[in-house]
Amino acid sequence: MELCLFTDSAPRLSFDEALDLAVRIGATTIEIAGGGQSSAPHLRLDELLESESSRRTFQDAFDRRGLRIAALNCSAWPLHPVIGEAQREIIRKTIRLAELLGVSKIVTMSGTTGDGAAATTINWTWYPGPEDQEGLLARQWDETIATWRELGRFALDHGVTRVCFELHPLNTVYNVPTFRRIQEAVGDPLAVNLDPSHFFWQGIDPLASIRALGSAVGHAHLKDTEIDAAATALAGVLDDRPFAPGAERSWQFRTVGAVHDADWWRSFVSTLQEVGYDDVVSIENEDLTLDEVAGVERSAEFFRPILG
């Protein structure tokens, strides 16, 4: 298993600075975003698709540092009622670029729809009622399945054999049961990006989820979550207060190891190995209490001994 850096963890660094950071922390692989929700300008998708010389220069930056591209990330909103088509095009372009670069895995999210033709934003339907919500959820599933049947075929046609959904709330596919449902309907190439941070705050057991998903685990993120017991006692985990350093919230993302100790993370690695996963574990730093580079460095310093 190899240490990976998701370059969005340090969005203010340049492309070369992000790769140099990866080398400095002992990472051997890179996850890099081609668009969607990414705020980091580390990959110019259209330029790389159009120019073979740009692709050679891009690949050379990795080769010179002894780095491998583990995955392209395009965590987008492919079913959004306003920007959905543009986001689906980002996913298609990312798949095409992956083929040109010889990368067989992308990381994304399933997305979710609005509540009808006049919708202006997504509507995450997670509660089984009232009846109109049940009807909306059924329509959302129909659209999600149809969209990913098309995108899944597109991925396979372009040599991408793993499309790894981050099981993230606000998406139709956000936990083990919803992934099983879309996997049954679509099949290959759908897989899971196992990010325990989103499981922690929802009360989902990441280790039990890994065992349940088995060979469907296709990627893994390293990120922790701190839950404030006093705030959660009053607000629960469905807390809509904004993220900010020191904000009063039920939970906040933290660097890997800031909350769960080394024994827990060793269990995380060993459970991944139990189900046959032997790819990368990718640092995704979203800890607002630290400078972005310091957060990446602290995550790597914590995790390198666990990988041995």
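Structural notes, computed from the coordinates. (Residues numbered from 1 in each chain as written. Predicted model: local features only at pLDDT ≥ 70, side-chain atom pairs only at ≥ 80, totals over all residues. Heavy atoms only, no water.)

**Here we look at helix α11 (residues 292-307)**
Alright, step 1. For α11, spanning 16 residues, the distance from its first C-alpha to its last is 22 Å, which sits close to the expected 22 Å at 1.5 Å a residue.
Alright, step 2. Buried residues of α11: E292, V293, G295, V296, S299, A300, F303 and I306, and no others.
Alright, step 3. Buried-residue contacts for α11 involve β1 (2-6), α1 (15-25), β7 (217-222), α10 (262-274) and β10 (280-283).
Alright, step 4. Measuring from the backbone nitrogen of V293 back to the side-chain oxygen at the start of α11 gives 3.0 Å, which picks out D291 as the cap.
Alright, step 5. In the segment just after α11, G308 is the residue with positive phi, at about 75°. (Helix = DSSP H or I, 4+ residues; strand = E, 2+ residues; numbered from the N terminus. Expected span 1.5 Å × (residues − 1). Buried < 20%, exposed > 50% of the residue type's maximum accessible area, 1.4 Å probe, protein only. Contact = heavy atoms within 4.5 Å. Polar contact = N/O pair within 3.5 Å; in protein donor to acceptor, adjacent residues only side chain to side chain.)

**Notes on the packing of helix α6 (residues 176-186) against helix α8 (residues 206-213)**
Alright, step 1. The N-to-C vectors of α6 and α8 enclose an angle of 20°; their axes lie 11 Å apart at closest approach. Comparing the axis directions of α6 and α8 gives the class roughly parallel. When you trace α6 past α8, the crossing you get is right-handed. Note on element contacts: α8 touches α6 through S209, A212 and L213, opposite V176, F179 and R180.
Alright, step 2. For the contact of α6 with α8, the class distribution of residues is 4 nonpolar, 1 polar and 1 charged. (Axes fitted to C-alpha atoms, helices over the stretch in contact; angles between N-to-C directions. Parallel < 35°, antiparallel > 145°, perpendicular 65-115°, else oblique. Left-handed = near helix turned anticlockwise from the far one by under 90°. Nonpolar A, V, L, I, M, F, W, Y, C, P; charged D, E, K, R; others polar.)

**A word on the state of the cysteines**
Alright, step 1. Summed over all chains, the structure comprises 0 disulfides.
Alright, step 2. In this structure C4 is a free cysteine whose sulfur lies 12 Å from that of C164, the closest cysteine sulfur available.
Alright, step 3. With no disulfide of its own, C74 lies 11 Å from the sulfur of C164, the closest cysteine sulfur.
Alright, step 4. Note on C74: relative accessible area 0%, which makes it buried. (Disulfide = S-S within 2.5 Å.)

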